[in-house]
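# An overview of the molecular structure
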There are 2 protein chains.
Amino acid sequence: MRLSNLFMPTRKEDPADAEVVSHKLLVRGAYIRMVTRGIYDFLPLGWKSVRKIEAIIREEMDRAGAQEVRLPAVQPAELWEESGRWQEYGPELLRFKDRKGSEYCLGPTHEEVMTNLIRNDVGSYKDLPLNLYQIQTKFRDETRPRFGLMRGREFIMKDAYSFDIDEESAKVSYQQMYDAYQRIFDRLGFEYAAVEADSGNIGGSLSHEFQVLAETGEDEIVRCVECDYAANVEKAETRPTEVSEATGEQLEMATVDTPGAKTIEEISAFLDVPASNCVKTLLFHVADQTVAVLVRGDHVVNEIKLTAFLREQLKVDAAAKENKEDAKPFELNMASDAQVKAATGAPVGFAGPVGLEIPVFADLEVQALSNFVVGANAADKHHTNVNHGRDFEVTAFADLRLAQAGDLCARCGGTFESHRGIEVGHVFYLGTKYSDAMGAGVQDQNGKMQSLKMGCYGIGVTRILAAVVEQNHDKNGIIWPMAIAPYQVIVLPLQMKNEEVIEAGEKIYAELQDAGIDVLLDDRKAGAGSKFKDADLVGIPVRIAIGSRGLKEGMVEVKVRSAAENEDIPLADAVEYIKTLVAQQS
Amino acid sequence: MRLSNLFMPTRKEDPADAEVVSHKLLVRGAYIRMVTRGIYDFLPLGWKSVRKIEAIIREEMDRAGAQEVRLPAVQPAELWEESGRWQEYGPELLRFKDRKGSEYCLGPTHEEVMTNLIRNDVGSYKDLPLNLYQIQTKFRDETRPRFGLMRGREFIMKDAYSFDIDEESAKVSYQQMYDAYQRIFDRLGFEYAAVEADSGNIGGSLSHEFQVLAETGEDEIVRCVECDYAANVEKAETRPTEVSEATGEQLEMATVDTPGAKTIEEISAFLDVPASNCVKTLLFHVADQTVAVLVRGDHVVNEIKLTAFLREQLKVDAAAKENKEDAKPFELNMASDAQVKAATGAPVGFAGPVGLEIPVFADLEVQALSNFVVGANAADKHHTNVNHGRDFEVTAFADLRLAQAGDLCARCGGTFESHRGIEVGHVFYLGTKYSDAMGAGVQDQNGKMQSLKMGCYGIGVTRILAAVVEQNHDKNGIIWPMAIAPYQVIVLPLQMKNEEVIEAGEKIYAELQDAGIDVLLDDRKAGAGSKFKDADLVGIPVRIAIGSRGLKEGMVEVKVRSAAENEDIPLADAVEYIKTLVAQQS
């Protein structure tokens with residue numbers, strides 16, 4: 001492609017709303033343009049890279065035995081009502097009516113439509129296993145779209161769904177996808193971790209996220225330095241501190257004035273007690289009651305674990321079953337000021353477990369503490385030397401906190417280190433959640449109906465574009481891996497008034513094209529400086545610059561975008577040299 | 001691909017709602033499934049053919065110098081308000097609000113988003129000409145989705161937009177697209193016509209439709225048997241009958257009783273006057289007034305021509321401009337019973353021009369008539385021997401009718417024949433409609449701002465799948481052209497208990513795969529009859545059947561799907577023979 005024809009409107013300035021480097025460079029490098037919040041145009045360069053990402057995904061999905069289909073973006077409400085998600089799904093699900101008043105949504109995911117397809121057309125165990133995938137535009141009406149393609153509203157996703165006769169076979173399908181994902185992310189050149197994950201809205205039990213490690217990632221993950229365990233902090237299993245019955249002498253509880261000290265940092269400093277010997281008391285309102293939750297001062301409550309735990313403890317699901325009509329979505333909210341006052345008799349900020357008459361749930365790490373500090377349910381007062389069992393009763397202990405760096409690995413006892421990650425892929429084992437709800441079953445070998453065992457597998461195609469840039473850039477611009485660079489090589493004739501320079505450029509351009517290389521020729525009548533700048537910004541992996549000075553000695557300059565130095569190569573050898581470079585990096 | 005692994009749930013029964021053959025065969029052949037009205041799943045076979053169609057379109061668009069981009073499916077209302085189409089576009093535009101209450105639509109077309117992209121990133125004539133295209137999911141909320149993929153609500157379209165500095169250059173861009181479309185439809189093996197068309201909602205002046213000729217087509221087109229002129233009947237220019245001043249003696253007008261005769265057929269039969277010497281009087285209500293429109297009894301009013309004509313005549317646009325706030329969309333409606341009664345004093349069905357006090361507009365062919373029959377504005381009465389100018393005044397004559405078979409070509413005087421067509425492509429010259437409305441201009445050579453001259457070019461990708469089937473099928477199923485068949489060859493081992501048959505099938509399958517041929521192996525444990533049936537239904541272009549009887553003599557049976565007879569070919573030559581067949585048809 002000749003740059004004089006290419007629609008490549010690079011920019012010098014970062015977009016005003018850009019917070020992360022991928023957003024800045026993809027806009028400046030003429031890859032994307034914002035249309036409105038969280039919705040983008042892909043320009044020729046951006047779309048070319050997206051298609052290369054898609055091609056890699058297709059190859060590996062096909063290799064793993066999955067078959068490509070295309071389901072609609074617009075989905076009828078009835079299917080979502082069958083699965084129960086029309087009610088459960090929050091406002092991220094964009095809903096609307098057609099001209100006849102029928103209800104629809106823009107698909108953020110396709111479990112319902114896929115299960116519907118299968119239940120109508122698969123009847124026997126002989127048709128299984130089956131794995132269908134699509135690459136398609138999805139929509140999630142995020143509250144706060146941001147970071148460019150990292151958290152957009154309209155985005156492209158590859159989603160696959162597997163159907164098996166039993167759990168054993170379903171786990172094989174899961175593993176095939178897990179392996180395919182590893183091949184995909186390896187080919188994309190990512191530094192990533194496959195981490196155990198919470199399965200969120202989609203439901204199911206077994207689940208891994210593929211997290212690209214990057215400082216700007218929105219997810220926090222922990223990785224064991226000893227074994228290969230890695231997990232989202234929401235899911236990570238830690239080895240709790242052992243609770244020794246003889247932790248030592250229980251000292252006498254005291255009540256102390258702590259004027260102006262409210263946060264754990266302030267209390268810890270004021271009383272000269274480490275945060276790990278203070279206990280936070282958090283009040284939540286859930287299922288029409290207020291409950292207290294205790295975690296160590298240096299720990300953070302894991303709302304996902306807590307929600308699952310409270311559903312169980314408060315028998316919410318059983319209640320909902322009995323009284324289906326009134327069932328509201330199970331919502332966990334921080335207690336309001338009035339609810340705090342009602343439960344503790346004190347203003348917000350001084351809650352503590354001593355004397356409370358509501359259920360008190362505590363994290364396992366609290367169980368190992370003695371003689372700790374808690375709020376005294378009175379303004380500017382705390383208790384010290386508090387002990388559970390003696391000074392207050394805990395309704396139940398459970399793992400209720402987020403893992404963090406320094407925690408011990410539940411598997412091997414090694415230490416966790418923490419990373420930020422960008423989720424680019426997710427594999428779930430769904431079991432029979434959708435097949436039961438929607439009546440998708442097949443006859444087994446004995447003629448008995450069996451609910452299909454399902455898995456679902458997503459990859460954020462357009463998010464990958466951003467994740468690659470987060471991991472591959474320098475101050476001058478993007479550094480594409482060869483596999484998904486929009487063009488592999490850029491040829492820069494530096495003096496567009498010099499016939500020899502132009503001719504040499506045209507010749508190399510033609511020869512590289514003939515060799516099947518994706519090559520750009522910067523034939524614009526621009527200065528050498530601005531050609532170099534654009535080539536770096538746009539991030540083409542190999543650059544070949546042809547200048548009149550070098551040509552006099554029969555030399556051209558080749559620079560690999562990721563390398564520090566360039567090399568002078570004889571003009572006659574340039575094409576062969578570049579072909580080798582491209583092959584090496586592909 | 002092995003059929004035992006392929007998700008290919010063929011069916012024996014036509015879907016209950018299917019009216020056209022493509023709908024029936026695409027469902028039965030496991031290409032598509034309906035999700036809800038006008039919204040379909042594409043199964044592996046269907047999607048594979050769609051991707052082959054897309055590939056052909058991409059190649060020809062790229063060859064013509066267009067660049068691929070991807071714009072969002074969800075579009076903000078503001079852009080449509082700028083162009084004026086948020087108001088103008090009817091309920092086919094699916095509109096909705098996001099969680100914050102902002103308004104959006106699901107794009108049925110992308111002029112606004114494309115113009116918005118260009119106005120922000122193209123500043124100079126040096127950046128032109130520019131042609132950007134995308135292949136993408138669109139949505140039109142049709143009142144009556146039907147005919148499967150022919151008139152769906154969600155569908156895939158290729159849309160391209162060209163931007164030029166002046167009209168001359170824009171017409172070159174238009175012609176490039178016209179030529180590319182011809183190459184595309186030639187490669188798809190269509191029998192089609194490029195016809196002059198009305199440009200409908202999109203606006204603009206120069207426009208051609210690419211119509212695939214098929215009985216089930218929704219469009220009616222006329223084609224001259226002498227020259228190469230073809231046009232949609234809505235647009236076709238006919239040569240009006242010459243108006244001779246001395247048409248002969250004007251007879252005396254009479255009023256006759258015509259009890260029970262209301263339609264032209266009835267009047268014509270009752271009075272024994274040819275329909276072509278009767279005149280229909282149609283009353284329309286438009287811009288707050290009732291008007292009469294006259295066409296010959298054997299002609300049909302062209303509402304598109306009439307709308308354009310009345311806009312002009314009634315100075316609706318000028319009025320709208322003066323009083324912008326109140327401007328309503330210009331709507332042409334048949335007069336209500338009450339309006340007919342008010343204008344004619346008679347019930348519906350007896351209107352005639354004599355004595356009317358409202359504007360009377362007449363088609364050019366009426367001008368050539370004398371001594372004709374019209375309604376008498378009284379129940380069960382008609383006038384005979386009526387003459388315009390003498391018995392009533394015509395406000396204006398104009399071309400107000402649909403062309404039809406037998407009309408004379410305006411270009412050469414040849415005769416029109418009529419066809420039904422399926423519109424698969426459309427090219428428009430838009431001029432500055434969008435660039436003016438949205439402020440998209442560039443500096444010309446003299447530094448002066450010029451509005452961009454735009455063209456837009458659409459191809460109905462998924463509709464093509466249906467159109468191909470309409471043109472290529474027999475009673476047994478689909479007959480794919482090689483270029484877009486999901487698989488080029490199918491290998492049928494007929495006896496799956498015979499080791500020799502299985503082995504021969506596997507060998508041919510492997511060799512054809514190695515030769516780069518898209519091949520299916522029907523390795524299912526099914527009977528020969530059902531394998532033949534499925535192969536015919538699904539429509540694979542070349543079938544090779546391997547039976548134990550033939551093998552004894554070293555022969556296999558090759559059948560080209562479109563041929564009447566099959567051929568016995570020595571097993572040893574089969575692969576070479578098939579490679580040649582595939583190459584010939586590609």
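On a predicted model such as this, the values are computed, not experimentally measured, just so you know.

Here chain A is described as being made up of domain 1 (21-68 + 108-238 + 418-470), domain 2 (254-398) and domain 3 (487-585). Taking only C-alpha atoms into account, the centre of domain 1 of chain A sits 36 Å from that of domain 2 of chain A.

Our focus in this paragraph is the confidence of the model for chain A. In the predicted model, chain A carries a mean pLDDT of 93, and the fraction of residues at 70 or more is 96%. In the predicted structure, residues 200-204 of chain A sits below a pLDDT of 50 and forms 16 contacts with residues beyond four places in sequence or in another chain.

Here we come to the sheet that holds strand β31 (residues 566-570) of chain A. All names here are of chain A. The strand order across the open sheet built from five strands is β28-β27-β29-β30-β31, with neighbouring strands paired in mixed fashion. Single-partner strands in this sheet number two, and they are β28 (519-521) and β31. Sheet twist, expressed as the average angle between the axes of neighbouring strands with direction ignored, equals 25 degrees. Two strands pair when backbone bridges link them, and strand β29 (residues 542-546) and strand β30 (residues 555-560) are joined in this way by four bridges, in the antiparallel orientation. By the bridge assignment for β30, Ala545 is matched with Glu557.

Glancing now at the pairing of strand β24 (residues 453-460) of chain B. For a regular strand, side-chain orientation follows a simple rule: the groups alternate between the two sheet faces. Residues and elements named next belong to chain B. For β24, a buried count of eight out of eight residues is recorded, marking the element as mostly surrounded by other parts of the structure. Bridge count for strand β8 (residues 154-164) against β24 is eight bridges, and the pairing is antiparallel. Across the sheet, the residue bridging to Met157 is Gly460, located in β24. Sheet topology note: the strand β21 (residues 416-431)/β24 ladder contains six bridges and is antiparallel.

An α-helical segment advances 3.6 residues per turn. Residues three or four places apart therefore align on the same side. Within helix α13 (residues 461-471) of chain A, 10 of the 11 residues are buried, which leaves it mostly tucked inside the rest of the structure. All buried positions along α13 of chain A are accounted for by Val461, Thr462, Arg463, Ile464, Leu465, Ala466, Ala467, Val468, Val469 and Glu470 of chain A.

Listed per partner, the contact involves 54 residues of chain B and 55 residues of chain A. Of the roughly 4,700 Å² buried between chain B and chain A, counting both surfaces, carbon and sulfur atoms make up 56%. A per-residue breakdown of the area chain B buries against chain A is headed by Phe7, Arg70 and Arg99 of chain B, which together make up 17% of the total. There are 10 salt bridges connecting chain B and chain A. We note a salt bridge from Arg11 of chain B to Asp121 of chain A, for which the minimum N-O separation is 3.2 Å. Remark: the boundary between chain B and chain A carries 25 residue pairs in polar contact (both at pLDDT 80 or more). For the side of chain B that touches chain A, the leading source of residues is helix α5 (residues 111-121) of chain B, giving five residues. Here the side of chain B that touches chain A is built from residues that sort into 31 nonpolar, six polar and 17 charged.

In screw terms, the move from chain B to chain A is a rotation of 180 degrees and a rise of 0.0 Å along the axis, fitting with an RMSD of 0.1 Å. Taken together, the rotation and translation relating the two chain copies correspond to the operation of a two-fold axis. Closest approach to the rotation axis within chain B is made by the C-alpha atom of Phe96 of chain B, at a distance of 2.9 Å. An overlap of 100% is found between the interface residues of chain B and their copies at the interface of chain A, pointing to a shared contact surface.

Let us look at empty space enclosed by the protein. The full count for this structure, using the stated rule, is eight cavities of 30 Å³ or more. Of the voids in this model, the largest cavity is the one considered here, and its volume is about 180 Å³. Taken together, 18 residues line the largest cavity, and the ones lying closest to its centre are Glu54 and Arg70 of chain A together with Glu54, Arg58 and Arg70 of chain B. Of all the secondary-structure elements, those providing two or more residues to the lining of the largest cavity are α2 (44-63) and β7 (130-139) of chain A together with α2 (44-63) and β7 (130-139) of chain B. A breakdown of the residues in the lining of the largest cavity according to their chemical character gives six nonpolar, four polar and eight charged. Approximately 130 Å³ is the volume attributed to the second largest cavity. Taken together, 16 residues form the lining of the second largest cavity, with Tyr40, Phe42, Glu154, Phe155 and Ile156 of chain B sitting closest to its centre. Elements with a minimum of two residues in the lining of the second largest cavity: β2 (39-42) and β8 of chain B. Residue classes in the lining of the second largest cavity are distributed as eight nonpolar, six polar and two charged.

Another point: the environment of Ala197 of chain A. All names here are of chain A. Inspection of the secondary structure puts Ala197 in the loop between β9 (192-196) and β10 (206-213). Remark: the alpha-carbon pair of Ala197 and Ala231, spanning 34 residues in sequence, is separated by 6.0 Å. In this structure, Ala197 is in contact with Ser207, His208, Glu209, Asn232, Lys235 and His426, ignoring residues within four places of it in sequence.

Another point: the packing of aromatic side chains. Inspection of the entire model under this criterion finds 31 aromatic pairs over all chains. Pairing Tyr31 of chain A with Trp480 of chain A gives two aromatic rings, centres 5.3 Å apart and planes at 50 degrees, and the pair type is tilted. Of this pair, Tyr31 of chain A sits in the loop between α1 (21-28) and β1 (32-36) while Trp480 of chain A sits in the loop between β26 (477-478) and β27 (489-493), placing them 449 residues apart in sequence. Judged by its relative accessible area of 3%, Trp480 of chain A falls in the buried class. Between Phe372 of chain A and Phe392 of chain A the ring centres are 6.4 Å apart and the planes differ by 75 degrees, which places this aromatic pair in the edge-to-face class. You can see Phe372 of chain A sitting in strand β18 (residues 372-375) and its partner Phe392 of chain A sitting in the loop between β19 (381-386) and β20 (396-398), a full 20 residues away along the chain. Exposure class is identical for Phe372 of chain A and Phe392 of chain A. Each is buried. One aromatic cluster is present, formed by Tyr178, Tyr181, Phe185, Phe190, Tyr192 and Phe210 of chain A through successive ring pairs. Over the ring of Tyr487 of chain B we find Lys48 of chain B, and its NZ or CZ is 3.9 Å from the ring centre. Sitting over the face of the ring of Tyr434 of chain B, Lys433 of chain B holds its NZ or CZ atom 5.4 Å from the ring centroid.

Criteria and thresholds
- Residues take numbers from 1 onward in each chain, read along the sequence in its written order.
- Chains and ligands are labelled sequentially in the order written, the chains with letters from A and the ligands with numbers from 1.
- The model is predicted, so local features are restricted to residues of pLDDT at least 70 and side-chain atom pairs to those at 80 or more, both for listing and for counting; the totals for chains, interfaces and linings are taken over all residues.
- In computing side-chain properties, one takes all heavy atoms of the structure into account and sets aside hydrogens as well as water.
- Residue ranges assigned to the domains are those given by an automatic or database domain assignment.
- Each residue carries a pLDDT score, the predictor's own confidence in it, on a scale running from 0 to 100.
- Contacts between residues were defined by any pair of non-hydrogen atoms, one from each residue, lying within 4.5 Å.
- Pairing between strands is defined by DSSP: at least two bridges between them are needed.
- Where helices and strands are cited, they refer to DSSP runs of H or I of at least four residues and of E of at least two residues respectively, numbered from the N terminus.
- In this analysis, axes come from line fits to C-alpha atoms, helices being fitted only over the stretch in contact, and the angle between any two N-to-C directions falls in the range 0 to 180 degrees.
- Relative accessibility thresholds used throughout: buried, under 20% of the residue-type maximum; exposed, over 50%; partly exposed, between the two (1.4 Å probe, protein chains only).
- Accessible area, probed at 1.4 Å, shrinks when two parts are joined; the buried area is that loss added up over both.
- A carboxyl oxygen of Asp or Glu within 4 Å of a side-chain nitrogen of Lys or Arg is what we treat as a salt bridge.
- Here a polar contact is recorded for every N or O atom pair within 3.5 Å, except that within protein the pair must consist of a potential hydrogen donor and a potential acceptor, and residues adjacent in sequence are included only if both atoms are side-chain atoms.
- All residues other than Ala, Val, Leu, Ile, Met, Phe, Trp, Tyr, Cys, Pro, Asp, Glu, Lys and Arg, Gly among them, are scored as polar; the first ten of these are nonpolar and the last four charged.
- Superposing copies: least-squares fit, C-alpha atoms only, residues required to have pLDDT of at least 70 in both.
- Throughout, the protein atoms alone are placed on a 1 Å grid, and a set of points is a cavity if a 1.4 Å probe fits but cannot get out or a pocket if it is open with protein on both sides within 12 Å along at least five of seven lines; lining residues have an atom within 4 Å of a point.
- Grid points are joined across faces, edges and corners, and a volume is the space filled by probe spheres set on the points.
- Aromatic contacts are taken between Phe, Tyr and Trp rings whose centres are within 6.5 Å, Trp giving its six-membered ring; a plane angle under 30 degrees counts as stacked, one over 60 as edge-to-face, and the others as tilted.
- In this analysis the charged atom, NZ for Lys or CZ for Arg, is taken to sit over a ring once it is within 6 Å of the ring centre and within 35 degrees of the ring normal.

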